[in-house]
Every structure is written in C-alpha cells, then in structure tokens.
Amino acid sequence: AAITELGEMQDIVLGLDAEFVLTTSHGELVPADRYLPASGPVGYDAAIVERQLIRALGELRPAPSHEPRRLFANLRRAMRLAAKHIDPALEWRAGGSPITGISLGFHLHFSGLPFTYEFVRTLDNYVALPLSLLEDPRSLARRHTFGWLGNARAKDHGGFEYRTPASILISPVITRGVLTLAKLIAVHYRQLQSRPLDNPAMQRAYYAGEKPSLIHFLARWKQDIMRLATLPNDREDLTSFLTLLESGTVWDESADIRRAWGVE
C-alpha cells in the first residue's frame, strides 16, 4: 500500500455485507428468497434452521468505498432497493440472533492493506469489544458460532473480511460509527496498542456477556480512538457512537430496523 509521510494508507477500500431476517408481525421467520435474488447489491443467503438449509437471510452488499460516509450512503441505498422487492407488511430484524437458531453478521471488508494477525487482534479489541457493550442478551447465542474473536478470512477480490460483529443494521448510529472506526483502524492500527482481550478474564467476560467487567476498557478506548479522529466528520460520527457506548443503551433485536433507517 502507498504510505504517505503521515502514515496514512491512501488506497484502503472498505466494503461490507450485512445480514437481516424478515418476519411477520408475530416474529415468525419468512425466508428472504421469496423476495430477493441470489446475487446483486441485495440478495439472500442460506442458514441452517432446525437442521435444514434454507435461504433465510437477507443480505445487503453495497458498493465499496474509500470513504466511510460514502459506504454508509451506499448501504442505505441498498436497503431502499431491498424495500422495493419485499412485502411492506413484513418486519426486518437485525442484531446477533433475533430469531432462535439464526445468527446474523455484519462483515467488514478491507482491501489495500495486509491481512495480518495483528490487524485482526486490533479489530477484536477496538471493534468487537465496544460492540459487546451494546448487544441485546440474545446476541450471546451467536458468540460460539460466528461471533468468536478473530473470525476473519481472505476473499477472492484479494482483500479480507472481518466476521466477528453481529448485524449492526440494528442502528444507523452504530453502523456509521463502526464504519468510521474501521477506516481509522485500517489507517492507524499500528498506533492502537491496547489489548484488554489478551487477558483471559476479559475473554471470558466477552464470551459470557459480562458487561460490568467489559466496560472498564472504555476510557482507554475513547482516548486512543478520539486522538486519531482528526477530521470533523470522523469526530461527529464517533462521538454519536461513543454516546451510546457510555449511556448503557442495549439494542432491541425484536425491533423493525426500517423505522430507525427511515426505510418504508
């Protein structure tokens, strides 16, 4: 990657795919393949439900971008496109496990920088750990299937994806904050040296969802991240995200996410 004197990688590209499920107003699962195609910016993906493989998940695949806010706009555009195909009477749910037996993820894609163990460790400590403070208790069901620390893999396009986070489509504030955070980490990860998850007790707390133990890292996280957020847009989006982290807010996986995003 091309590195400037400021240490910024100019060719880092961010992408994502984000999963959600469709339900009736009573919370009954409706397979996404009834409305969405297999490929394209919106589509379906498979999941194993009660030992059967069904095309249960909706998936948003916005165009990638160098800029977090541009990627966020592309995501909203993909969501509006999906809404044109889906029965408006259905609800859209996100989070970790809004339906028993189904796990949802928000996969961050990176290209333009090396796929290294140290970078993934940084994502665990600076993305997965703060997100664990916001999770609905139902998200814990996903921890040992897809939400484990270090869940990352190479992609055919030459980059890689980080798969640990649950589907943060639950909130546009969280989504925008995490995309901003992802770009800052990609550019500056060598400066982000805090590793609370190296402590076995913190790892146990992460997998058990013990938030009183997990929150102790937040002051250091805030100091490290906000020191790097020099652009006004970055600071604005991260401040909104930080306000949620500090407030004790817990997302609700039974909520219809369209209302938060203004998509009908």
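Definitions and cut-offs
- Residues numbered from 1 in each chain as written.
- Predicted model: local features only at pLDDT ≥ 70, side-chain atom pairs only at ≥ 80, totals over all residues.
- Heavy atoms only, no water.
- Buried < 20%, exposed > 50% of the residue type's maximum accessible area, 1.4 Å probe, protein only.
- Helix = DSSP H or I, 4+ residues; strand = E, 2+ residues; numbered from the N terminus.
- Arc of directions from axis to C-beta.
- Contact = heavy atoms within 4.5 Å.
- Polar contact = N/O pair within 3.5 Å; in protein donor to acceptor, adjacent residues only side chain to side chain.
- 1 Å grid on protein atoms, 1.4 Å probe; cavity = no way out; pocket = protein on both sides within 12 Å on 5 of 7 lines; lining within 4 Å.
- Points joined across faces, edges and corners; volume = space filled by probe spheres on them.
- Nonpolar A, V, L, I, M, F, W, Y, C, P; charged D, E, K, R; others polar.
- Axes fitted to C-alpha atoms, helices over the stretch in contact; angles between N-to-C directions.
- Parallel < 35°, antiparallel > 145°, perpendicular 65-115°, else oblique.
- Left-handed = near helix turned anticlockwise from the far one by under 90°.

Caption draft 1: Structural context of helix α4 (residues 200–208). By the burial criterion, the buried members of α4 are M202, A205 and Y206. Angular distribution of buried residues about the axis of α4 spans 100 degrees; they occupy a single face of the element. As for α4, its buried residues are in contact with α2 (117–132) and α5 (211–214). Two or three places before A201, at the start of α4, stands the capping residue N199, its side-chain oxygen 2.8 Å from that residue's backbone nitrogen. Two residues or fewer after α4 comes G209, characterised by a positive phi angle close to 70 degrees.

Caption draft 2: Representation of empty space enclosed by the protein within the structure. For the structure shown, the criterion picks out two cavities of 30 Å³ or more. As a volume, the largest cavity reaches approximately 50 Å³. Around the largest cavity sit A128, L131, E135, R142, R143, G147, T164, P165, A166 and Y206, which together line it. Of the residues contributing to the lining of the largest cavity, the split by class is five nonpolar, two polar and three charged.

Caption draft 3: Spatial organisation of the packing of α2 against helix α3 (residues 172–188). At their nearest, the axes of α2 and α3 sit 11 Å apart, and the two run at 160 degrees to each other. On the basis of their axis angle, the class for α2 and α3 is roughly antiparallel. Considering the relative orientation of α2 and α3, their crossing is right-handed. For the pair α2 and α3, the contacting residues are F119, T122, L123, Y126, V127 and L131 in the first and I174, V178, L181, I185 and A186 in the second.

Caption draft 4: Spotlight on the layout of surface pockets. Approximately 310 Å³ is the volume attributed to the second largest pocket. In this structure, the second largest pocket is lined by 20 residues; those nearest its centre are E19, A46, L57, S103 and F146. Among the secondary structure elements, those contributing two or more residues to the lining of the second largest pocket are β1 (13–23), β3 (42–49) and β4 (52–60). In terms of residue count, β3 provides more of the lining of the second largest pocket than any other element does, four residues in total. Among the residues forming the lining of the second largest pocket, the class breakdown is seven nonpolar, four polar and nine charged.

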